[in-house]
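One-letter residues, chain by chain:
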Amino acid sequence: MSYNKSEIAFKEAYEVIPGGVDSPVRAFSSVGGTPPFIAKGEGGHLVDIDGNQYIDFVQSWGPLIFGHADQEIEQAVMDAVKNGLSFGAPTQTETKLATHIVDMFESIDKVRFVNSGTEAVMSAIRLARGYTKRDDFIKFTGCYHGHSDSLLVQAGSGMATFGSPSSPGVPADLTKHTLLATYNDIESVKKCFNDSENGVSSIIIEPIAGNMGLVPADEAFLQELRELCDEHGALLIFDEVMSGFRASLIGAQGISSVKPDIVTLGKVIGAGMPVGAFGANKAIMAGLSPEGPIYQAGTLSGNPIAMAAGLASLEKLKANPEIYATLEKRATRLVEGFKAAADAVNVPMVTDVRGSMFGFFFSDKPVKNFEDALENNSELFGKFHGKMLEKGVYLACSSFETGFISVATSDEMIEEAIRAAQESLKELTA
Ligand SMILES: *Cc1c(COP(=O)(O)O)cnc(C)c1O
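Residues numbered from 1 in each chain as written. Predicted model: local features only at pLDDT ≥ 70, side-chain atom pairs only at ≥ 80, totals over all residues. Heavy atoms only, no water.

The strand order across the open sheet built from 3 strands is β15-β16-β18, with neighbouring strands paired in antiparallel fashion. A single partner strand is all that each edge strand has here, and the edge strands are β15 (350-354) and β18 (403-404). Where β15 and strand β16 (residues 357-361) come together, 5 bridges link them in antiparallel fashion. What sits directly across from Val 353, in β16, is Phe 358. (Pairing = 2+ DSSP bridges. Helix = DSSP H or I, 4+ residues; strand = E, 2+ residues; numbered from the N terminus.)

Across all of its chains, the model carries 21 salt bridges by this definition. Close ionic contact of Arg 333 with Glu 415 constitutes a salt bridge, the shortest N to O distance being 2.7 Å. With Arg 333 in helix α10 (residues 323-344) and Glu 415 in helix α13 (residues 411-429), this residue pair connects regions lying 82 residues apart in the sequence. Residue Glu 415 is classed as partly exposed on the basis of its relative accessible area, which comes to 27%. Across the salt bridge formed by Asp 352 and Arg 354, the nearest N and O atoms sit 2.9 Å from each other. Sharing partners across several salt bridges, the network here consists of Asp 70, Glu 72 and Lys 316. (Salt bridge = Lys/Arg side-chain N within 4 Å of Asp/Glu carboxyl O. Buried < 20%, exposed > 50% of the residue type's maximum accessible area, 1.4 Å probe, protein only.)

This brings us to helix α4 (residues 117-132). Between its first and last C-alpha, α4 extends 22 Å over 16 residues, near the 22 Å set by a 1.5 Å rise per residue. Where α4 begins, one side-chain oxygen reaches toward the backbone nitrogen of Thr 118, 3.5 Å away; that side chain belongs to Ser 116. Of the residues trailing α4, Lys 133 is marked for its positive phi of about 55°. (Expected span 1.5 Å × (residues − 1). Polar contact = N/O pair within 3.5 Å; in protein donor to acceptor, adjacent residues only side chain to side chain.)

What follows covers the site of the ligand. By nearness alone, every residue bordering the ligand is listed as Ser 116, Gly 117, Thr 118, Tyr 144, His 145, Gly 146, Glu 206, Asn 211, Asp 239, Val 241, Met 242 and Lys 267. Side-chain polar atom of Asn 211 to an oxygen atom of the ligand: 3.1 Å apart, as the coordinates give it. Residue composition of the shell around the ligand, by class: 3 nonpolar, 6 polar and 3 charged. (Near = heavy atom within 4 Å. Nonpolar A, V, L, I, M, F, W, Y, C, P; charged D, E, K, R; others polar.)

Our next topic: the environment of Leu 236. Within the secondary structure, Leu 236 is located in strand β12 (residues 235-239). Residues Leu 236 and Asp 352, spaced 116 residues apart in sequence, show a C-alpha to C-alpha distance of 25 Å. When near neighbours in sequence (up to four residues on either side) are disregarded, Leu 236 contacts Ile 203, Ile 205, Leu 225, Arg 226, Cys 229, Val 258, Lys 259, Pro 260, Asp 261 and Ile 262. (Contact = heavy atoms within 4.5 Å.)

A few words on unusual backbone geometry. For the peptide bond that leads from Ser 289 to Pro 290, omega is 10°, which places it in the cis range. Within the secondary structure, Pro 290 is located in the loop between α8 (282-285) and α9 (304-319). One non-glycine residue with positive phi stands out, namely Gln 59, at about 50°. Following the sequence through the fold, Gln 59 ends up in the loop between β3 (53-56) and α2 (71-81). In this structure Gln 59 comes out as buried when scored by relative accessible area, which is 0%. Residues other than glycine seldom take positive phi values, yet Trp 61 does so here, at roughly 70°. Considering the arrangement of structural elements, one finds Trp 61 in the loop between β3 and α2.

One turn of an α-helix holds 3.6 residues; hence residues three or four places apart share an orientation. The end-to-end C-alpha distance of helix α3 (residues 92-104) is 19 Å, a good match for the 18 Å that 13 residues give at a rise of 1.5 Å each. Within α3 the residues assigned to the buried category are Leu 97, Ala 98, His 100, Ile 101 and Met 104. Looking down the long axis of α3, one finds its buried residues gathered within 155° of arc, a one-sided arrangement. Facing away from the buried side of α3 by over 90 degrees, the exposed positions are Gln 92, Thr 95, Lys 96 and Asp 103. Contacts from the buried residues of α3 go to β4 (110-114), β13 (262-265) and α9. (Arc of directions from axis to C-beta.)

As a further point, take the sheet that holds strand β2 (residues 45-48). If you trace the 4 strands from one edge of the open sheet to the other, you get β1-β2-β3-β17, paired in mixed fashion. A single partner strand is all that each edge strand has here, and the edge strands are β1 (38-42) and β17 (393-394). Note that β1 and β2 share 4 bridges and pair antiparallel. Bridged to Gly 41 within β2 is Leu 46. Across the sheet, α13 is in contact with β2, β3 and β17; its angle to β3 comes to roughly 105°. (Axes fitted to C-alpha atoms, helices over the stretch in contact; angles between N-to-C directions.)

Another point: the nonpolar core. Ranked by internal contacts, the top residues of the largest apolar core, which has 72 residues, are Phe 57, Ile 101, Phe 113 and Phe 245. Ranked by size, the runner-up nonpolar core spans 29 residues in total, among them Leu 179, Ile 186, Phe 221 and Leu 222. (Core = buried A, V, L, I, M, F, W, Y, C linked by side-chain atoms within 4.5 Å.)

Relative to each other, α10 and α13 sit at 15°, their axes nearing to 9 Å. Of the possible angle classes, the one that applies to α10 and α13 is roughly parallel. For the crossing formed where α10 meets α13, the hand is right-handed. On the side of α10, the interface is formed by Arg 330, Arg 333, Leu 334, Gly 337, Phe 338, Ala 341 and Ala 342, while α13 contributes Asp 411, Ile 414, Glu 415, Ala 417, Ile 418, Ala 421, Gln 422 and Leu 425. The class makeup of the residues in the contact of α10 with α13 is 9 nonpolar, 2 polar and 4 charged. (Parallel < 35°, antiparallel > 145°, perpendicular 65-115°, else oblique. Left-handed = near helix turned anticlockwise from the far one by under 90°.)

Within the secondary structure layout, Lys 96 lies in helix α3. Once the C-alpha coordinates of Lys 96 and Ala 308 are considered, the two residues, 212 residues apart in sequence, prove to be 9.6 Å apart.

The next thing to look at is the packing of helix α6 (residues 186-195) against helix α7 (residues 219-232). Interhelical geometry of α6 versus α7 gives an angle of 15° and a closest axis separation of 10 Å. One finds that α6 runs roughly parallel with respect to α7. Classified by chirality, the crossing of α7 by α6 is right-handed. When α6 is examined against α7, the residues Ile 186, Val 189, Lys 190 and Phe 193 are found in contact with a partner set consisting of Phe 221, Glu 224, Leu 225, Leu 228 and His 232. Partitioning the contact of α6 with α7 into residue classes produces 6 nonpolar, 1 polar and 2 charged.

Read these as layout, nothing more, since geometry by itself doesn't imply function.
The structure is reproduced here in structure tokens:
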């Protein structure tokens, strides 16, 4: 496989775009090598500018549950384009998409559309703070909620629960209200409630974490979060930007019985167009401008093209709920195949699946939180990633990412990927 054209394109991009990319993970820093520059997507495949074809298990990091260039979604977008790209005024497509979401999610009476997952979470946190009139909130190490200031937080010094900035440019004054807890560890959450001086507005969690590899929360843990929130008058925010319409039609809420107060959505909701959303019950959403005083706005929010793509995709999902069982079966077959390939060469691996999401770690112990995830053999993953790419399998370029199966990812593609994993692992351990 030759990457000549991508190598040149990467150098050219590097001259005019920091790192040559518009989102850091795309630069392949943690696995090495040159990121293939993409010419087009076709169903379950990606084709790069050198003409290499790959089975795509990234699917634009989640959004493309029907695969690349789905004809019905493409048609809906083309129809909408003809009427103009943006109006900055309400359209009925927004109401249609909102109605579907309200129908589907028990915890959502009203929903506001934005342009990204980052924006959805940033706005949800503001809503929770405005509604409870408290500044502090709790987040979990290893969960990613976009790149807004108060969410770019890492553990501070010693045993402090208050976060410190994880990026230069984020003032410590903005992260001191973010308390950090350990995923699946309820004692660490109780400590945050104790340490908060001015009261906790909310807990934000990926109920199925997908940004430290795939690490689902235990049901009992989610229940205890719900109880702690109720006890303290705090809101529970489920960040389902990734898991929504992925783990099940209604994300973690189709798997767990725990009900959040605020839900954030993104990725699949725009089917590849930039869309995010956040929703809650009527009382909470009434706090939002213009109904209430909590400000939030967007020139391109509810963009008619993006809404048309989201609507076409959501209507297909609602009409075909059985796809989740098929996707889960394929994802399970894939990771079982990977695991068997690893077993055959005595490489430890743990795996997990939720609907169309899959994860695997080169690790010999179950992963319940970020600390566990850090113990995976990411050096081996980097080499495995490169071998798989050479064999035409495009995996997420970090051991802390989740993989995605699309409706267009066929059983044959799964078997091909398993064969590639067998060969790759044999070569790496020979
Ligand atoms: C991707 C993601 C975000 C951020 O969404 P962007 O559209 O990249 O801004 C937020 N939360 C979770 C759980 C995500 O997976």
